[in-house]
Amino acid sequence: MGSSAGMSALITGANKGIGLEIARQLGQAGLRIIIAARDAERGAKAAQDLEDEGIAARHVHIDLTDPASAKQAAENIRGREGALKILVNNAGIVDPQDGSQEQAELDAVRRIFETNFFGTLAVTQAMLPLLKKASPARIVNLSSGLGSLTFNGDPDWEYAGYKLIGYSASKAAVNMLTVQLAAALKDAGIRVNAADPGFTATDLNGHRGQQTIPQGAAEAVRLALSEDDGETGGFFATDGRVPW
Ligand code: NAP
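In what follows, the accompanying structure is described.

A look at helix 7 (residues 213-224)
Then, number 1: Given a rise of 1.5 Å per residue, 12 residues ought to cover 16 Å, and the 17 Å separating the end C-alpha atoms of helix 7 matches this to within 8%.
Then, number 2: Listed in full, the buried residues belonging to helix 7 are G216, A217, E219, A220, V221, L223 and A224.
Then, number 3: If you follow the buried residues of helix 7, they end up packed against helix 1 (17-28), strand 4 (86-89), strand 5 (137-142), strand 6 (190-195) and strand 7 (235-237).

Section: the packing of helix 4 (residues 106-133) against helix 6 (residues 165-185)
Then, number 1: Orientation of helix 4 relative to helix 6, taken along the N-to-C sense of each, is 20°, at an axis distance of 8 Å. Comparing their axes, helix 6 and helix 4 come out roughly parallel. The two elements helix 4 and helix 6 meet at a crossing, and its hand is right-handed. Across from V109, I112, F113, N116, F117, T120, L121, T124, L128 and K132 in helix 4, the residues of helix 6 making contact are I165, G166, Y167, A169, S170, K171, A173, V174, L177, L181 and L185.

A short note on the site of the ligand
Then, number 1: Residues in contact with the ligand amount to 29 residues; listed here are only the nearest, R38, N90, Y167, T200 and T202.
Then, number 2: One of the side-chain nitrogen or oxygen atoms of R38 is found 2.7 Å away from an oxygen atom of the ligand.
Then, number 3: Residue K171 places a side-chain N or O atom 2.9 Å away from an oxygen atom belonging to the ligand.
Then, number 4: Protein chains shield 94% of the accessible area of the ligand, which is 900 Å² for the free molecule.

What about the packing of helix 3 (residues 67-80) against helix 4?
Then, number 1: Relative orientation of the contacting elements helix 3 and helix 4 amounts to 15°, with a least axis distance of 7 Å. One finds that helix 3 runs roughly parallel with respect to helix 4. The way helix 3 lies across helix 4 gives a crossing that is right-handed. When helix 3 is examined against helix 4, the residues P67, A70, K71, A73, A74, I77 and R78 are found in contact with a partner set consisting of A122, V123, A126, M127, L130 and K133.

With respect to the pairing of strand 6
Then, number 1: In terms of residue burial, strand 6 counts as a mostly covered element, since 6 of its 6 residues are buried.
Then, number 2: Of the two faces of strand 6, the one carrying I190, V192 and A194 and the one carrying R191, N193 and A195 are both buried.
Then, number 3: By the bridge criterion, 6 bridges tie strand 5 to strand 6 in an arrangement that is parallel. Within strand 6, the residue paired with I139 across the bridge is V192.
Then, number 4: Sheet topology note: the strand 6/strand 7 ladder contains 2 bridges and is parallel. The residue of strand 7 that forms the bridge with A194 is F235.

Cut-offs applied
Residues numbered from 1 in each chain as written. Predicted model: local features only at pLDDT ≥ 70, side-chain atom pairs only at ≥ 80, totals over all residues. Heavy atoms only, no water. Helix = DSSP H or I, 4+ residues; strand = E, 2+ residues; numbered from the N terminus. Expected span 1.5 Å × (residues − 1). Buried < 20%, exposed > 50% of the residue type's maximum accessible area, 1.4 Å probe, protein only. Contact = heavy atoms within 4.5 Å. Axes fitted to C-alpha atoms, helices over the stretch in contact; angles between N-to-C directions. Parallel < 35°, antiparallel > 145°, perpendicular 65-115°, else oblique. Left-handed = near helix turned anticlockwise from the far one by under 90°. Near = heavy atom within 4 Å. Polar contact = N/O pair within 3.5 Å; in protein donor to acceptor, adjacent residues only side chain to side chain. Areas by Shrake-Rupley, 256 points an atom, 1.4 Å probe, with all protein chains shown as cover. Pairing = 2+ DSSP bridges.

Next comes the structure, spelled out in structure tokens:
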């Protein structure tokens with residue numbers, strides 16, 4: 001995205017894992033980084049680590065389970081930066097009480113939706129006026145292959161054995177948000193896509209993923225920096241389109 005240098009990018013859940021790496025790579029591309037973290041100390045440390053690497057970075061408090069924190073962060077960014085070029089909805093959780101359709105605890109499924117879907121929606125709603133001010137702008141939603149209805153219907157899919165109804169359904173809901181937002185925001189110049197990072201070794205999965213964190217961040221970074229006439233309303237992994 002040629003015109004983005006010096007503009008701001010907000011990445012949720014950016015104090016570690018894939019989010020921190022997306023923040024680093026967008027910072028290396030010249031964007032001013034706003035790390036959103038639910039824990040002030042972890043957010044401040046991540047921003048300082050990026051600053052130490054020569055990246056312009058600061059942090060704001062956003063807890064995805066607290067929509068008021070997203071509104072406060074938007075107010076803070078409106079005052080400090082005035083606009084937002086890129087929003088990466090990265091923060092997400094799994095839950096040990098999630099499981100197959102027959103075994104998952106309902107409260108766990110609700111907890112996952114509260115963060116992965118409702119929280120993502122709340123942050124997006126809060127940031128939309130700032131993104132419109134920076135148009136052309138980008139939203140990238142971190143989804144998962146587990147959120148693909150097509151993959152879940154294929155018994156031969158590599159991850160067909162992973163039955164997490166809460167997590168998978170929450171990411172399918174994020175995919176729906178992606179499609180609806182993309183259609184609604186096309187004329188406003190905001191491109192919205194979902195990224196599947198692939199199975200990446202992070203705290204989320206006890207570091208069982210096969211990919212490195214930079215590999216997991218790559219597709220979200222590509223979409224965040226895509227050209228102004230690039231794709232919108234799509235679901236992508238590094239090896240191409242992911243079926244909905
Ligand atoms: P991670 O290392 O566990 O990091 C998750 C981040 O989200 C952390 O910064 C965490 O903050 C934050 N977070 C969790 N709940 C939050 C809340 N309520 N409010 C604000 N921040 C919150 O996970 P990751 O593997 O990097 O995952 C990043 C994204 O990629 C997630 O959306 C995940 O679903 C998706 N994804 C990951 C994989 C994979 O294999 N790793 C595969 C497919 C999709 P704290 O440090 O405070 O907990």
